[in-house]
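# Coordinates in review
One-letter residues, chain by chain:
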Number of protein chains: 2
Amino acid sequence: MAYANLSKAELQKVFDELSAEYKGYQAKNLSLNMARGKPSAKQLELALGVLEALKARSEFANSNGDDCRNYGLWDGLPEMKRIFADMVGVPASQVILGNNSSLMMMFEVISRGFSHGYNGCTPWCKLDKKKFLCPVPGYDRHFAVTEYYGFELINIPMYATGPDMDLIEKLVKDDDSIKGIWCVPKYSNPTGVTYSDETVRRFAALKPAAKDFKIMWDNAYCVHDLTDTPDTLLNIYDLCVENGTEDQIFIFASTSKISFPGAGVAGLATSDNNIRDFKEHTLTSTIGPDKLNQLRHVLFLHDINGVRALMKGHRAILEPKFRLCELMLEENVGDLGVAEWNKPNGGYFISVDVLDGCAKRVVQLCKEAGVILTDAGATFPYGKDPHDSNIRLAPSFPPLEELEQAMEVFCCSIKLAAAEKLLNA
Amino acid sequence: MAYANLSKAELQKVFDELSAEYKGYQAKNLSLNMARGKPSAKQLELALGVLEALKARSEFANSNGDDCRNYGLWDGLPEMKRIFADMVGVPASQVILGNNSSLMMMFEVISRGFSHGYNGCTPWCKLDKKKFLCPVPGYDRHFAVTEYYGFELINIPMYATGPDMDLIEKLVKDDDSIKGIWCVPKYSNPTGVTYSDETVRRFAALKPAAKDFKIMWDNAYCVHDLTDTPDTLLNIYDLCVENGTEDQIFIFASTSKISFPGAGVAGLATSDNNIRDFKEHTLTSTIGPDKLNQLRHVLFLHDINGVRALMKGHRAILEPKFRLCELMLEENVGDLGVAEWNKPNGGYFISVDVLDGCAKRVVQLCKEAGVILTDAGATFPYGKDPHDSNIRLAPSFPPLEELEQAMEVFCCSIKLAAAEKLLNA
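The shown structure was predicted, so the numbers you read here are calculated from the model rather than taken from an experiment.

### Some details on the sheet that holds strand β9 (residues 266-270) of chain B
Residue and element names in this part refer to chain B. Within the open sheet, the 8 strands sit side by side as β2-β9-β8-β7-β6-β3-β4-β5. Their pairing is mixed. Two strands close off the open sheet at either side, each with one partner strand: β2 (95-97) and β5 (162-163). Inspection of the sheet shows strand β8 (residues 249-254) paired to β9 by 5 bridges, in the antiparallel sense. Bridge pairing in β9 places Ala-253 opposite Gly-267. On the sheet, helix α7 (residues 165-174) packs against β3 (131-136), β4 (152-159), β5 and β6 (178-183) and is oriented at approximately 150° with respect to β4.

### Quick notes on the nonpolar core
Ranked by internal contacts, the top residues of the largest apolar core, which has 60 residues, are Ile110(A), Trp182(A), Met216(A), Ile110(B), Trp182(B) and Met216(B). Excluding its chain neighbours within four sequence positions, the residues that come into contact with Met216(B) are Met106(B), Val109(B), Ile110(B), Phe132(B), Ile181(B), Trp182(B), Cys183(B), Phe250(B) and Phe252(B).

### Describing the sheet that holds strand β13 (residues 390-393) of chain B
All names here are of chain B. Strand order across the open sheet formed by 3 strands is β10-β11-β13, with antiparallel pairing between neighbours. At either margin of the open sheet sits one strand with a lone partner, and together these are β10 (339-341) and β13. Neighbour-to-neighbour, the strand axes of this sheet turn through a mean angle of 25°, independent of strand direction. As paired elements, β10 and strand β11 (residues 350-354) share 3 bridges and run antiparallel to each other. Residue pairing across strands places Glu-340 opposite Asp-353, the latter belonging to β11.

### Section: the relation of the copies chain B and chain A
Of the transformation placing chain B onto chain A, the axial shift is 0.0 Å and the rotation is 180°, giving an RMSD of 0.0 Å. Each copy turns onto its partner about a two-fold axis. In terms of C-alpha distance to the rotation axis, chain B has Cys125(B) as its closest residue, with the C-alpha 3.4 Å off the axis. A shared binding surface is used by both copies, with 100% of the interface residues of chain B retained as interface residues in chain A.

### What to know about the domain arrangement of chain A
Residue and element names in this part refer to chain A. Under the domain assignment, chain A is made up of domain 1 (3-43 + 310-423) and domain 2 (61-302). Distance from the C-alpha centre of domain 1 to the C-alpha centre of domain 2: 31 Å. With 28 residues of domain 1 at the interface, the matching set in domain 2 holds 34 residues. Taken together, both faces of the contact between domain 1 and domain 2 bury some 2,600 Å²; the carbon and sulfur share is 59%. The three residues of domain 1 that bury the most area against domain 2 are Met-311, Asn-345 and Tyr-382, which together make up 24% of that side's buried surface.

### Observations concerning the environment of Asp66(B)
Inspection of the secondary structure puts Asp66(B) in the loop between α3 (49-52) and α4 (78-88). C-alpha separation for the pair Asp66(B) and Leu77(B), spaced 11 residues apart in sequence, amounts to 9.4 Å.

### Considerations on the pairing of strand β3 (residues 131-136) of chain A
Residues and elements named next belong to chain A. Where burial is concerned, most of β3 is hidden: 6 out of the 6 residues are buried. Neither face of β3 is exposed, since Lys-131, Leu-133 and Pro-135 on one face and Phe-132, Cys-134 and Val-136 on the opposite face are all buried. Two elements, β3 and strand β4 (residues 152-159), share 6 bridges in a ladder whose sense is parallel. Across the sheet, the residue bridging to Pro-135 is Ile-156, located in β4. Since β3 and β4 lie parallel, the crossover through helix α6 (residues 140-148) that links them has a hand, and here it is right-handed. Relative to strand β6 (residues 178-183), β3 is paired through 2 bridges, and the arrangement is parallel. Each bridged residue has a counterpart across the sheet, and for Lys-131 the counterpart in β6 is Ile-178.

### Brief notes about the packing of helix α7 (residues 165-174) of chain A against helix α8 (residues 197-204) of chain A
Residues and elements named next belong to chain A. At their nearest, the axes of α7 and α8 sit 11 Å apart, and the two run at 5° to each other. Here α7 is positioned roughly parallel relative to α8, judged by the angle of their axes. Residue-level contacts link Met-165, Asp-166, Ile-168 and Glu-169 of α7 to Thr-199, Arg-202 and Phe-203 of α8. Of the residues that constitute the contact of α7 with α8, the class distribution is 3 nonpolar, 1 polar and 3 charged.

What counts, and at which threshold
Here the residue numbering is sequential within each chain, running from 1 through the sequence in written order. As they are written, the chains are lettered A onward and the ligands numbered 1 onward, keeping that order. With pLDDT at 70 or above as the cut-off, local features in this predicted model cover only qualifying residues; side-chain atom pairs require 80 or more to be listed or tallied, and sums for whole chains, interfaces and linings still use all residues. Hydrogen atoms and water are omitted, and side-chain values are computed over all heavy atoms in the structure. Paired strands, as defined in this entry, are two strands with at least two bridges between them according to DSSP. Secondary structure is summarised from DSSP: a helix means a run of H or I of at least four residues, a strand means a run of E of at least two, and numbering begins at the N terminus for each. Contact between two residues is taken to exist if any of their heavy atoms lie within 4.5 Å; hydrogens are not considered. Every axis corresponds to a line fitted to the C-alpha atoms, with the helix fit spanning only the stretch in contact, and the corresponding angles, defined between N-to-C directions, vary from 0 to 180 degrees. Definition used in this section: a nonpolar core is a set of buried Ala, Val, Leu, Ile, Met, Phe, Trp, Tyr and Cys residues joined via side-chain atoms within 4.5 Å. Relative accessibility under 20% of the residue-type maximum defines a buried residue, over 50% an exposed one, and the middle range a partly exposed one, all with a 1.4 Å probe and only protein chains included. In this comparison the copies share one frame, found by least squares on the C-alpha atoms of residues holding pLDDT of at least 70 in both. Each domain's limits were defined by an automated method or a database of domain assignments. Buried surface area refers to the total accessible area, computed with a probe of radius 1.4 Å, that the two partners give up upon joining, counted for both partners together. For the handedness criterion, the strands are oriented away from the viewer, and a crossover whose path from the first strand over the helix to the second runs clockwise is classed as right-handed. Should an angle fall under 35 degrees it is taken as roughly parallel, and over 145 as roughly antiparallel, whereas 65 to 115 is taken as roughly perpendicular and any remaining angle as oblique. When residues are sorted by character, Ala, Val, Leu, Ile, Met, Phe, Trp, Tyr, Cys and Pro go into the nonpolar class, Asp, Glu, Lys and Arg into the charged class, and all the rest, Gly among them, into the polar class.

Below, the structure is given as structure tokens:
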């Protein structure tokens, strides 16, 4: 029965039982971590072939005959561009490859706008006021990049169809100080939402007042399905070309959660104008990315089919973890009216909304029982969740047994925090 | 006999003979490249062990037990820091490791000053006027970074002892718009000069008006000796600590010319204050560098002794190329009064000064005979050599036979351009 319908006395009894249960967990001296979307050791072993890929001398040349060990090729290997292009649905000619971090490439895109501006507009460093739209809950590292560069961050609510497009269209129409928006369009971090066809169409048709408005389309989970009924995301690049808005879009992806988080290959895709601008920035800062690592990936993955086959291996490891979390939430707090959560078809996160004002308390309770979660508030700009209700679960890293222990503590903490709140109401 | 002492008729005869010789080279349809300081294929083979280093599962953990395949460790592996620290002579605690490009780390240092400022000073993007000192001839990619960020670049003459310290001390004393200086203190690019002890001491003792003045100490050739009598460079970090000026220095190095130019490991060393600032920038832009590549290098190089042993292999390949260039210059233009050059004890370049107004012509003549050199002027800010006399030779990449052919064309072109000039005088 929902906690809200319990009498004070009933609630006190529940609270006492939960407190005892919680003390039991504390006595176990657990040390478990569900804080970040890190692949597990088992997943990392799926890609060991990447490290075996470079053996014979003849393999060091790419298709152009360049020696991948030496300087050169600022935008990466053509063969690896092809794989990226197929992952995110763009022509290979629109792809630029970097080193191991797509976040770094996003940072560079913002950094370039800050120092030099885009599309002939005033560099962002020269503006007194500049804003960036942040669908919430969202990814803390995205928000941090634009906070670092002095943008005012504007919360945009996330729905089951994606961000609130009515609000976005209204805001950008007249305010040319709004310079862009962060998006994780497929299996969004943390809500797991994939943007609806209509949402994608409206993004591609967006006509902002700012001529240098950029959609930061972080397609981090483009091939990261976890079910037999995966979500599908409309191809925004094609739609942008149809609308003549391709200068507005930067698409990002990486193999961080395909091969290795620390040693994968990142890339971006965008329009010819943006490539020209980005090229100037990149060529000033480096002679080129690590092409040997790209070659390793090419030799191991071969093509998009190799990527898809590998992702089946990841799914086999990840899916049971997601199902376990969902099952335990359902069983433990399903009918108590103290939490809601999503059941994503892919990606790396489960987003749990607890009672307003309880998220920090739940995270604290978990911590004091040896279970580290993502900080409450982290999914919002400036770390401030206005309702203090959202918690991001990252089930990928712990082995199943540990995950089960962690989820026991988490479910108990949700209930304990809710009972506390209702008793003090 | 020196061309300057020849009669017009004698000079015309020389010119006619040189023109015929030059036409002979043109008829060979050569395609040779001495433009960039790229290691040769033979050198790249010295480090193939790097690629074999990661085999067994147990090797993926670093000394802290972290899995190098996963996220984490923003400043790199402790073991690799140790090797860097020994290469440049700093405590390992002062080292931050990056990906494959030290140029990228220099760019980031400047970029951070541009967006956020150092030591509590106004960010450089907010300044109407900002200047950077550039010892000339120097490295084009250094100059390009500060040009990109809108600095006015000031030429500083290079002497046999390093940059003109009298001029530097005079300039920085009163002008707080001068924010830093580019230095290649050992086997300088392209002059091969190693800064004298006095020069290093004066750098460490520099008291600029700008509190955010930064010495960009690119120790790119710290272990790149080519003779039995290598140059020695005083340890500037120790001297800075003695002088209390350690916030003024950023020291850079990489394994680009130790292991692989495209797939090495780069690093910087600096003060605790600078590390704190740089950390904020780096942690906002990436979760960390490619640690697997660092681990590869650690397993292959082991320690500074492994680096030194490897560098002997590089010397064995490079030294004959440098000697060949020097010999051919001596034999072909040694007593003609049309060129001067250095004989470096290490590094990657020979700097040739031809007659004033002849450098562009020499590079053009070489190009039209199928020999690509570094663009004349490239060793100066904005690509403008005020005397049009400096040419940078990069002997490392071509095999010896090709180098000999290229040097024949180069020597002939020096003489031809000189004779042309004197005939038209």
